[in-house]
Amino acid sequence: MTTPTPFGARLRAAMDARGPLCVGIDPHASLLADWGLGDDVAGLERFTRTVVEALAERVAVLKPQSAFFERFGSRGIAVLERAVADARAAGALVLMDAKRGDIGSTMAAYAAAYLDPASPLFSDAVTVSPYLGFGSLRPALDAARAAGAGVFVLALTSNPEGTEVQHAVRPDGSTVAATVLRALKDENAAEAAEGRLGSYGAVVGATLGRAPQEACVDLTIDGPLLAPGIGAQGATPADLPSVFGPAIKNVVPSVSRGVLRHGPDAASLVAAASRMAEEVRAVAE
Ligand SMILES: O=C(O)c1cc(=O)[nH]c(=O)n1[C@@H]1O[C@H](COP(=O)(O)O)[C@@H](O)[C@H]1O
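Residues numbered from 1 in each chain as written. Predicted model: local features only at pLDDT ≥ 70, side-chain atom pairs only at ≥ 80, totals over all residues. Heavy atoms only, no water.

S.K.: Can you help me understand the packing of aromatic side chains in this one?
M.R.: Each aromatic ring pair is specified by the distance between its two centres and by the angle formed by the two planes. Going through the model one piece at a time under the given rule, you end up with 2 aromatic pairs. Ring centres of Phe 7 and Phe 152 lie 6.0 Å apart, and the angle between their planes is 85°; this geometry places the pair in the edge-to-face category. With Phe 7 in helix H1 (residues 7–18) and Phe 152 in strand E5 (residues 150–156), this pair connects stretches of sequence that are 145 residues apart. Owing to a relative accessible area of 2%, Phe 152 belongs among the buried residues under this scheme. When the centroid spacing of 4.1 Å and the interplanar angle of 35° are considered together, the rings of Trp 35 and Phe 47 count as tilted. Of this pair, Trp 35 sits in the loop between helix H2 (29–34) and helix H3 (41–55) while Phe 47 sits in helix H3, and the two are 12 residues apart along the sequence. We classify Phe 47 as buried; its relative accessible area is 0%. (Phe/Tyr/Trp six-rings, centres within 6.5 Å; stacked < 30°, edge-to-face > 60°. Helix = DSSP H or I, 4+ residues; strand = E, 2+ residues; numbered from the N terminus. Buried < 20%, exposed > 50% of the residue type's maximum accessible area, 1.4 Å probe, protein only.)

Here you go:
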């Protein structure tokens, strides 16, 4: 059996070739309505197919938000499966935004769902939540390594409520977020030693302003940093340097509604993503 190319290396190649932008596929009911589509499986299917056809050959990463598919039950999941396969076939990396988190034995089942190449929902990477303890994520971390896939762990999220958990201080004086980031750096050590981007990423909101730099949060995890919050949540690409400092070279800026609101016209979606990619390029260089 051949060893799969690690996710971090595949992501770096995609970022170099296409720019680092991630576009989220978040079929909100309000967006379906704005696009003239029904809030039903047919509308979901049309919305998703339009986004994948417009962007999967262009952007580095597409990030379907599982919740918007789950709300339609098994037929929604079928649309999600198809989107994952079509997007990957067109050359985009698929980051499944599922934010799973559970005890280790259940996490193993989530890993089987998203990180086992035999699964219909197998994705290049998945988002997970570390709030049952970073160690509970071990089955996902191990499954990702075996499959050449990646894991993005919530560290400093874009929403204002996140601070009550993430900024909590542990008995050793470090914050919960810093502990998560340090654990990710350890996971990435082997790939970093070979000079490669690690496969274990952190989620750090683009909305945080200078807070991480002022608090001296160490974002040098040797892996990718997913930065959601651009667009509808108020952040812009121009905010990225002050949030991330020198770690900006590993940032994957993520936008959903800020691009999706330009649909349903495919050319308008492409133009919106291109504008965003250009703004990102201007600040990341
Ligand atoms: O993991 C995520 O993608 C994520 C983490 C975070 O801290 N904040 C955040 O907004 N997200 C997701 O990123 C997307 C943001 O969507 P927009 O606000 O429309 O760009 C949603 O799918 C959120 O679930």
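Following the structure, the description resumes.
S.K.: Just to check I follow, could you spell out the pairing of strand E6 (residues 200–204) for this structure?
M.R.: Of all 5 residues in E6, 5 are buried, a share of seventy percent or more. Of the two faces of E6, the one lined by Tyr 200, Ala 202 and Val 204 and the one lined by Gly 201 and Val 203 are each fully buried. Two elements, E5 and E6, share 5 bridges in a ladder whose sense is parallel. Looking across to E6, one finds that Phe 152 is bridged to Gly 201. Judged from the 2 bridges that link them, E6 and strand E7 (residues 225–230) form a sheet pairing that is parallel. By the bridge assignment for E7, Ala 202 is matched with Leu 225. (Pairing = 2+ DSSP bridges.)

S.K.: How do you make sense of the nonpolar core when you look at a structure like this?
M.R.: When a protein is soluble and globular, its nonpolar side chains tend to lie buried together. By size, the foremost hydrophobic cluster in this structure holds 79 residues, and its most contacted members are Leu 55 and Phe 244. Residues within four places of Leu 55 in sequence aside, it is in contact with Val 23, Leu 62, Val 259, Leu 269, Val 270 and Ala 273. Leu 11, Ala 14, Met 15 and Ala 125 belong to the second-largest nonpolar core, a separate cluster that totals 16 residues. (Core = buried A, V, L, I, M, F, W, Y, C linked by side-chain atoms within 4.5 Å. Contact = heavy atoms within 4.5 Å.)

S.K.: Just to check I follow, could you spell out unusual backbone geometry for this structure?
M.R.: The bulk of non-glycine residues show a negative phi, and the bulk of peptide bonds are trans. In this structure, the amide linkage connecting Gly 263 to the following residue, Pro 264, adopts the cis form with an omega of 5°. For Lys 99, which is not glycine, the phi torsion reads 45° and is therefore positive. Checked against the element boundaries, Lys 99 lands in strand E3 (residues 93–100). The phi dihedral of Cys 216 falls on the positive side, at around 55°, and the residue is not glycine. Position of Cys 216 among the secondary structure elements: in the loop between helix H11 (211–214) and E7.

S.K.: I keep staring at the site of the ligand and nothing clicks. Help me out?
M.R.: In the neighbourhood of the ligand, 17 residues make up the surrounding shell, with Asp 26, Lys 63, Ser 158, Gln 233 and Arg 257 lying closest. The separation between an oxygen atom of the ligand and a polar side-chain atom of Asp 26 is 2.5 Å. One of the side-chain nitrogen or oxygen atoms of Lys 99 is found 3.1 Å away from an oxygen atom of the ligand. When the free accessible area of the ligand is taken as 510 Å², the share hidden by the protein chains comes to 90%. Of all the elements in the fold, those that place two or more residues in the shell around the ligand are E3 and E7. Considering each element in turn, the shell around the ligand owes the most residues, 3 residues, to E7. Grouping the amino acids of the shell around the ligand by side-chain chemistry returns 6 nonpolar, 6 polar and 5 charged. (Near = heavy atom within 4 Å. Polar contact = N/O pair within 3.5 Å; in protein donor to acceptor, adjacent residues only side chain to side chain. Areas by Shrake-Rupley, 256 points an atom, 1.4 Å probe, with all protein chains shown as cover. Nonpolar A, V, L, I, M, F, W, Y, C, P; charged D, E, K, R; others polar.)

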